[in-house]
Amino acid sequence: MSYGKYNHQGYFGESFVRVLASAAGLIAGQQDLDHTGVDFSIDFPGTRGTARFPKIEAQVKSWSSPKGSDRHWHYPMDVRHYNNLAGEGFAVSRYLFLVVVPADADQFVEVDETSMRLRRCGYWASLRDLPVIDQATRGHVTVHVPRRNLLTVSGLRSLLHPVPAQRVPS
């Protein structure tokens, strides 16, 4: 592979999310520069409940050597990337999307005449309730990604839940 194992794996992880968003009828867009710590803005193309064009933002990580418990993946994350998702104060909800992939890139996809199967699974986690970490004191943090938070078409749509309409104070 001319662009390296981790670039290949990361590209597949992002493509996995893009395919899932497409299947969900959502729009996944990437910023020209990776400066804000998100890989995708995922938008609902219309009104959902009382929200017009709701959106979320996601940072996508791929992982070929998963470790964890029966309830959570224990994903080691660079504090700089973690801080781009942790805490409150974001105008748009942010999520970590963790795509667990096979170690062998030849196993990423299986295709036959009736289907294309992407391997393995994606999961999501919100870091909103977690504290921002001082980068001067720590370089990495382990994030616990719930295995029950499987990225599915309906699960992805549910992350774009309707939000109440904003009211301007009188």
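These figures come from a predicted structure and were not determined experimentally.

*Asks:* What is the right way to read the overall build of the protein chain from this model?
*Replies:* Along the backbone of the protein chain there are three helices and 11 strands. For the protein chain, the succession of helices and strands along the chain, N to C, is α-β-β-β-β-β-β-α-β-β-β-β-β-α. Taking 170 residues into account, the globule formula puts the C-alpha radius of gyration at 15 Å, and the protein chain, at 17 Å, falls close to it. For the protein chain, the C-alpha atoms occupy an extent of roughly 60 × 50 × 35 Å along the three principal directions. Each of the 170 residues in the protein chain was classed as buried or not, and the buried ones make up 39%. Within the protein chain, residue pairs in contact and separated by at least 24 positions form 64% of the contacts whose partners lie at least 6 positions apart.

*Asks:* In this structure, what is going on with the confidence of the model for the protein chain? I would like to understand it.
*Replies:* Close inspection of predicted coordinates is inappropriate for parts of the model with low pLDDT. Considering every residue of the protein chain, the mean pLDDT works out to 88; 94% of them sit at 70 or more. Long-range and interchain partners of residues 164–168, a stretch whose pLDDT sits below 50, account for two contacts in this model, where long-range means more than four residues apart.

*Asks:* Would you mind showing me how to read the packing of aromatic side chains here?
*Replies:* For any two aromatic rings, the description comes down to two numbers: the centre-to-centre distance and the angle of the planes. The final tally for this structure, using the stated rule, is six aromatic pairs. Relative to phenylalanine 108, the ring of phenylalanine 12 lies with its centre 4.4 Å away and its plane at 20°, an arrangement referred to as stacked. Here phenylalanine 108 lies in the loop between strand E7 (94–100) and strand E8 (109–111) and phenylalanine 12 lies in helix H1 (residues 5–23), a separation of 96 residues in the sequence. An identical accessibility class is assigned to phenylalanine 12 and phenylalanine 108; each is buried. Relative to tryptophan 73, the ring of tryptophan 63 lies with its centre 6.2 Å away and its plane at 80°, an arrangement referred to as edge-to-face. Highlighted residues: tryptophan 63 in strand E5 (residues 55–63) and tryptophan 73 in strand E6 (residues 72–78), separated in sequence by 10 residues. As far as the burial class goes, tryptophan 63 and tryptophan 73 line up, both buried. Through successive ring pairs, a cluster of aromatic residues spans Trp63, Trp73, Tyr75 and Tyr123.

*Asks:* Teacher, can you tell me more about the nonpolar core here?
*Replies:* Grouped together as the largest cluster of nonpolar side chains are 23 residues, with contacts concentrated most on Val17, Leu26, Ile42, Ile56, Phe97, Leu156 and Leu159. Mapped onto this core, the elements with two or more residues apiece are H1, strand E2 (40–43), E5, E7 and helix H3 (153–159). Sorting elements by how many residues they give to this core places H1 first, with five residues. The next biggest cluster of nonpolar side chains, apart from the first, holds 18 residues, and it includes Tyr82, Ala125, Leu127 and Val145.

What counts, and where the lines are drawn
- Residues numbered from 1 in each chain as written.
- Predicted model: local features only at pLDDT ≥ 70, side-chain atom pairs only at ≥ 80, totals over all residues.
- Heavy atoms only, no water.
- Helix = DSSP H or I, 4+ residues; strand = E, 2+ residues; numbered from the N terminus.
- Rg over C-alpha atoms; globule rule 2.2 N^0.38 Å.
- Buried < 20%, exposed > 50% of the residue type's maximum accessible area, 1.4 Å probe, protein only.
- Contact = heavy atoms within 4.5 Å.
- pLDDT = per-residue confidence, 0-100.
- Phe/Tyr/Trp six-rings, centres within 6.5 Å; stacked < 30°, edge-to-face > 60°.
- Core = buried A, V, L, I, M, F, W, Y, C linked by side-chain atoms within 4.5 Å.

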